[in-house]
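Residue-level structural notes
Read off the chains here:
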Amino acid sequence: FSQLVTKNPDGSFPVADQLLAMADYFGFDGYFINQEATVSATDAANLMAMFKYLRAKGPAGFHVQYYDAMLPSGALSSQTTFDSANAPWVRNGTTPVCNSLCVNYAWNATAASSSRSYAQSLGLDPYATVYLGTECQGRGFVQYGYDPRGNFPEGGTAQNGWGISGGPTNILVPPGMDLTVPANQADRYAKERYFWSGPNGDPTRTGRVRPPSSSDTGTPYDTYQVWDGVAHYIVERSAIGAFP
């Protein structure tokens, strides 16, 4: 790990410079950094310094998001909320570090509310700096115990930003499904519609058919009836901005 956060005598970070070069070449918007292991306090301090360097050297609109796993001390400890322990990854004292933090997936409505309050107490915009994660890779449509409505209460105010790990293109396909079979492709495209637009496949009629239960966890890729659809919380917008 120490090699990743090596610092040159002139204050530059070789790995950070290469990350910026790759982002420029490939057109990346930024990076999601997930460090899920304990490291030394020195390495952790150098990682934070490298993040500050990335933030300062990145082009306009460049975004670095850190996952709620390792603390600034180097210890591995997910907070499952945005609090004083992990906030220094976003702002260390008065110095900006990463642009945002993705809260560990086991959050609930209480954590959503407290994360929002703590961000606001620091003068940070919770929509821009705190993202509550929804983990689709392992849980598919069934977010039992990790309900996005905790962050988007029905009839209430959205609490924070939303980080979606995975997504419909590959993640909502059952393991082992052969996508070279046309019928399976049709199933995948249908699930993509359900993911974005809800179980009716229609962004004007979003919302789950019924709430998720523990019995649904055995079929997370098929039980789309318990998923509200992204458009239930965020107004749909086309990716097409103009005719060719």
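Residues numbered from 1 in each chain as written. Predicted model: local features only at pLDDT ≥ 70, side-chain atom pairs only at ≥ 80, totals over all residues. Heavy atoms only, no water.

Brief notes about helix α3 (residues 109–121)
The end-to-end C-alpha separation of α3 is 19 Å, in line with the 18 Å expected for 13 residues at 1.5 Å each. When α3 is considered as a whole, its buried residues turn out to be Ala111, Ala112, Ser115, Arg116 and Ala119. When α3 is viewed along its axis, its buried side chains cluster within an angular range of 135 degrees and face the same direction. Looking at α3, the residues exposed on the side facing more than 90 degrees away from the buried face are Thr110 and Ser121. Those residues of α3 that are buried are in contact with α4 (126–129) and β6 (130–135). The distance from a side-chain oxygen at the start of α3 to the backbone nitrogen of threonine 110 is 3.1 Å, and the residue carrying that oxygen is asparagine 108. Just beyond α3, the residue with positive phi is glycine 123, at close to 80 degrees. (Helix = DSSP H or I, 4+ residues; strand = E, 2+ residues; numbered from the N terminus. Expected span 1.5 Å × (residues − 1). Buried < 20%, exposed > 50% of the residue type's maximum accessible area, 1.4 Å probe, protein only. Arc of directions from axis to C-beta. Contact = heavy atoms within 4.5 Å. Polar contact = N/O pair within 3.5 Å; in protein donor to acceptor, adjacent residues only side chain to side chain.)

Description of the packing of aromatic side chains
Inspection of the entire model under this criterion finds 20 aromatic pairs. Seen from their ring centres, phenylalanine 32 and tyrosine 67 are 6.1 Å apart, and the 50 degrees between their planes marks the pair as tilted. Of this pair, phenylalanine 32 sits in strand β1 (residues 30–33) while tyrosine 67 sits in strand β2 (residues 63–67); the two residues are 35 residues apart in sequence, bridging distant segments of the chain. With relative accessibility at 5%, the residue tyrosine 67 sits in the buried group. (Phe/Tyr/Trp six-rings, centres within 6.5 Å; stacked < 30°, edge-to-face > 60°.)

A few points about the pairing of strand β5 (residues 100–103)
What you see with β5 is no split at all: Ser100 and Cys102 on one side and Leu101 and Val103 on the other are buried throughout. Where β2 meets β5, three bridges bridge the pair, whose relative direction is parallel. Within β5, the position partnered with glutamine 65 by the bridge is serine 100. Both β5 and β6 contribute to a ladder of three bridges, which runs parallel. Across the sheet, the residue bridging to leucine 101 is valine 130, located in β6. (Pairing = 2+ DSSP bridges.)

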